[in-house]
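What follows is each chain in one-letter form.
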Amino acid sequence: MKNSIRRTIKTTSAAVMAAGLLAFGVSAASAHVKVDPDDPAAGGYTHLTFNVPNESAKAKTSKIQVSLPTDTPFNSVSVKPIDGWKASLVTTTLPKPVTVSGTTLTKAVTSVVWTADKAHEIGVNEYQSFSLSVGVLPAEGTTITLPATQTYTDGTVVKWDQKAVDGQPEPQHPAPSFVTTAKDGATSASTTAASASTSENGGRTAGWVGFGAGLLGLIAGVIALIRTRPASKRSRNNAGTDAETVDAGNQTVSSENPEHAAK
């Protein structure tokens, strides 16, 4: 009996451990370096937040490098300080001049490098967030790809630079990216126009409803007036008949009782 219980406990424990390892494996496999823009509207500025997980079972992450676009460069790049991490902005000459907001750029910040001290390296089962403020964002619908390079303390280098393709499985190391949206002003103008159109249509509808209600009220009043007049005539005719009956009655009484009349 005891042996049976022990075997059951061992089997259950093994199953739980296997499920835990499987869940951990799925979680680790799905962890990627990703970017999250707070406002991707074209023609504006945005804060980019890169979430970097440590995927190594033994080593720590000691350096992160993010490459910025050269075909649609940013004319403004600034970095948010992080305790224990040194940030460097690398400026290079662009492959060809690019005009951004009326200014022609021949040089721009093309990468940002964060390097950690020993006490702040990203450990096993940890992650760190890195933030940039960039602009001006290019036209609506532009895909901005920001390849990242992750360096571990054991010398391993992981490049997050693979492009995702619609209809295809996600690559093992997809590059962080996002798509620009419509300008904030254009969105507001569209919303305002739609609201004005809705308000105008609502006003017209309310006017027709009011007109219809007034017309129904007029018809009801006319019908009530028509019904009232015959009733008034009948009342006057009945009153005349009653008066004649009373007078006739008085005459009859007088003729039947002459003595009373004389008195």
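Analysis parameters
- Residues numbered from 1 in each chain as written.
- Predicted model: local features only at pLDDT ≥ 70, side-chain atom pairs only at ≥ 80, totals over all residues.
- Heavy atoms only, no water.
- Pairing = 2+ DSSP bridges.
- Helix = DSSP H or I, 4+ residues; strand = E, 2+ residues; numbered from the N terminus.
- Core = buried A, V, L, I, M, F, W, Y, C linked by side-chain atoms within 4.5 Å.
- Buried < 20%, exposed > 50% of the residue type's maximum accessible area, 1.4 Å probe, protein only.
- Contact = heavy atoms within 4.5 Å.
- Axes fitted to C-alpha atoms, helices over the stretch in contact; angles between N-to-C directions.
- 1 Å grid on protein atoms, 1.4 Å probe; cavity = no way out; pocket = protein on both sides within 12 Å on 5 of 7 lines; lining within 4 Å.
- Points joined across faces, edges and corners; volume = space filled by probe spheres on them.
- Nonpolar A, V, L, I, M, F, W, Y, C, P; charged D, E, K, R; others polar.

Visitor: I'm lost on the pairing of strand S5 (residues 85–100) in this one. Help?
Guide: In regular strands, side chains alternate between the two faces of the sheet. In this sheet, strand S6 (residues 103–116) lies alongside S5 in antiparallel orientation, the contact comprising 12 bridges. Residue pairing for S6: Val98 is matched across the bridge by Leu105. Hairpin connection from S5 to S6: two residues lie between these consecutive antiparallel strands, with Ser101 at a positive phi of about 55 degrees.

Visitor: Before we go on, may I ask you to explain the nonpolar core in this structure?
Guide: The nonpolar side chains of soluble globular proteins are, as a tendency, buried together. Counting 29 residues, the largest nonpolar core has Phe50, Val66, Leu68, Trp114, Phe130 and Leu146 as its most contacted members. For this core, the elements supplying multiple residues, two or more each, are strand S2 (46–53), strand S3 (61–67), S6, strand S7 (127–135), strand S9 (148–152) and strand S10 (157–160). Tallying contributions element by element places S6 first for this core, with four residues. Within the second largest apolar cluster, six residues are counted, among which are Val98, Val100, Ala108 and Val136.

Visitor: Even after reading the chapter, I still don't get the side chain of Thr180, so can you show me in this structure?
Guide: Note on placement: Thr180 falls in the loop between strand S11 (177–179) and helix H2 (184–256). When neighbours within four sequence positions are excluded, Thr180 is seen to be in contact with Pro40, Leu137, Pro138, Ala139, Glu140, Gly141, Thr142 and Ile144.

Visitor: Looking at this structure, how should I read the sheet that holds S2?
Guide: In sheet architecture, strand pairing relies on hydrogen bonds along the backbone and comes in two forms, parallel and antiparallel. What the four strands build is an open sheet, ordered S1-S2-S7-S4; its pairing is antiparallel. Here the strands that pair on one side only, and so sit at the sheet edges, are strand S1 (34–37) and strand S4 (76–79). For this sheet, the mean angle separating the axes of adjacent strands, direction not counted, is 25 degrees. In this structure, S2 lies alongside S7, joined through eight bridges in antiparallel fashion. Bridging from a neighbouring strand, His47 pairs with Ser133 of S7.

Visitor: It is not clear to me how the layout of surface pockets should be interpreted in this structure. Could you clarify?
Guide: Unoccupied space between atoms shows up once a probe the size of one water molecule is rolled over them. A volume near 220 Å³ is recorded for the second largest pocket. Counting only elements with at least two residues in the lining of the second largest pocket, the list comes to S1 and strand S8 (143–145). Looking at the lining of the second largest pocket, its residues break down into six nonpolar, five polar and three charged.

Visitor: Please clarify how the environment of Tyr152 should be interpreted in this entry.
Guide: Secondary-structure assignment places Tyr152 in strand S9. For the pair Tyr152 and Ile122, spaced 30 residues apart in sequence, the C-alpha to C-alpha distance is 9.1 Å. When sequence neighbours within four positions are dropped, the list of residues in contact with Tyr152 reads Pro53, Asn54, Glu55, Ser56, Ala59, Lys60, Thr61, Ser62 and Val158.

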